[in-house]
Amino acid sequence: MTPKRTGKLEITEEEYRKLPGLNFSSLAAFYNKGTYSPDHALMTFQFKSYFEFGKMFESLIQDMATGSKEFDVRFFQSTVDGTMPDDLIKWIDEKEDLENHYVYTQKGALSGTYKKRHAFLDEARAHPGKIPVSTKDWTMLHTLADRMMNMKYSDALVGDLLANAEFQVPIAWTSSVDGLDKKALIDCLVELNGEFHPFDIKTTADFKRFGYMLSDKYFIQEIHYTEGINEALGVCMTMPFLVASKEAPHLCQPWEVDYGDIDRKSLAHDEYHDLCSAYAKWIGDGRKPKGWLPLTKKKIYIQAV
């Protein structure tokens, strides 16, 4: 069934994933930094263990804001440092027998080459169903979470704002601009004085990289989510990003998209709706690969002798 201005949905995250409608992640993959690239949208997602850091952080923030136990249910503090095997989370989530993932030598001894993997496996087997968090990441996560909750946004502490938030809010709507069915899963949603504030919690390697991501694709997320809330729920003026940097000294900072003026904002919205229409047409045409990208030009700088 196609959603028609259904607003906020009382469904699980798994049910949301199966719901029809354009979502930000698919649009961003298709957009590929300003050029439409079906081939990027068709690429198989290659999971890396460090991707889980963002989910860990969101869960921790939710627990601190609401008193829930999402973080403790899914994660445990490991005594092993360093990066866990990329497949370990998949093995745990799919309830595989972890004993099958030890690596042995021809003589039947545990391979020394995979010593760290074996250490993570040992701990994961001792905490069935939970994901290990390395000692370094555990400390960083809690440091960043404390700092984010004490960060100021719009003359208020983030912790106070999020104490009144709903977390993981699914919405669906039919756009009054392009007529397309869309959906979004909002990290946390706060209603203040008749206006909705969809806060998006992000972690980044550093703020410089986050700035690039904001210009490349997160502005699409801002337009997508604010349109969705305005169509499905009520008034929404902007989407703040609450960003935590993994780069020392591990700072947190709120970010918002600044279009400069109304004309530039209008152009950005036109870009978004053109993207939605192109993506919907590609889906309707059977998700065919293209195989090439348009001409690009790169400036080079040669110093005169």
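For the structure given in this document, a descriptive report is provided here.

Rules used in this analysis
Residues numbered from 1 in each chain as written. Predicted model: local features only at pLDDT ≥ 70, side-chain atom pairs only at ≥ 80, totals over all residues. Heavy atoms only, no water. Buried < 20%, exposed > 50% of the residue type's maximum accessible area, 1.4 Å probe, protein only. Helix = DSSP H or I, 4+ residues; strand = E, 2+ residues; numbered from the N terminus. Pairing = 2+ DSSP bridges. Axes fitted to C-alpha atoms, helices over the stretch in contact; angles between N-to-C directions. Parallel < 35°, antiparallel > 145°, perpendicular 65-115°, else oblique. Contact = heavy atoms within 4.5 Å. Nonpolar A, V, L, I, M, F, W, Y, C, P; charged D, E, K, R; others polar.

### A short note on the pairing of strand S8 (residues 195–204)
With eight of 10 residues buried, S8 lies mostly within the body of the structure. Connecting strand S7 (residues 181–192) to the next strand, S8, in antiparallel fashion are two residues, including Asn193 with a positive phi near 50°. Examined bridge by bridge, S8 and strand S9 (residues 241–245) share five bridges and lie parallel to one another. Within S9, the position partnered with Lys202 by the bridge is Val243.

### Points about the sheet that holds S8
Pairing between the strands of a sheet comes from backbone hydrogen bonds, and it takes one of two forms, parallel or antiparallel. Spatial ordering of the open sheet is given by S1-S6-S7-S8-S9-S10, a layout of six strands whose pairing is mixed. With partners counted over all chains shown, the strands left at the sheet margins are strand S1 (7–8) and strand S10 (252–255), one partner each. Bridging between S1 and strand S6 (residues 166–174) involves two bridges; their strand directions are antiparallel. Considered in S6, the bridge of Lys8 is made with Ile171.

### As for the packing of helix H10 (residues 207–232) against helix H11 (residues 262–284)
Remark: H10 packs on H11, axes separated minimally by 10 Å, with the N-to-C direction vectors making an angle of 85°. By the angle between their axes, H10 is roughly perpendicular relative to H11. Along the contact surface, H10 presents Phe219, Ile220, Ile223, His224 and Glu227, while H11 presents Ala268, His269, Tyr272, His273 and Leu275. Class assignment for the residues of the contact of H10 with H11 results in six nonpolar, three polar and one charged.

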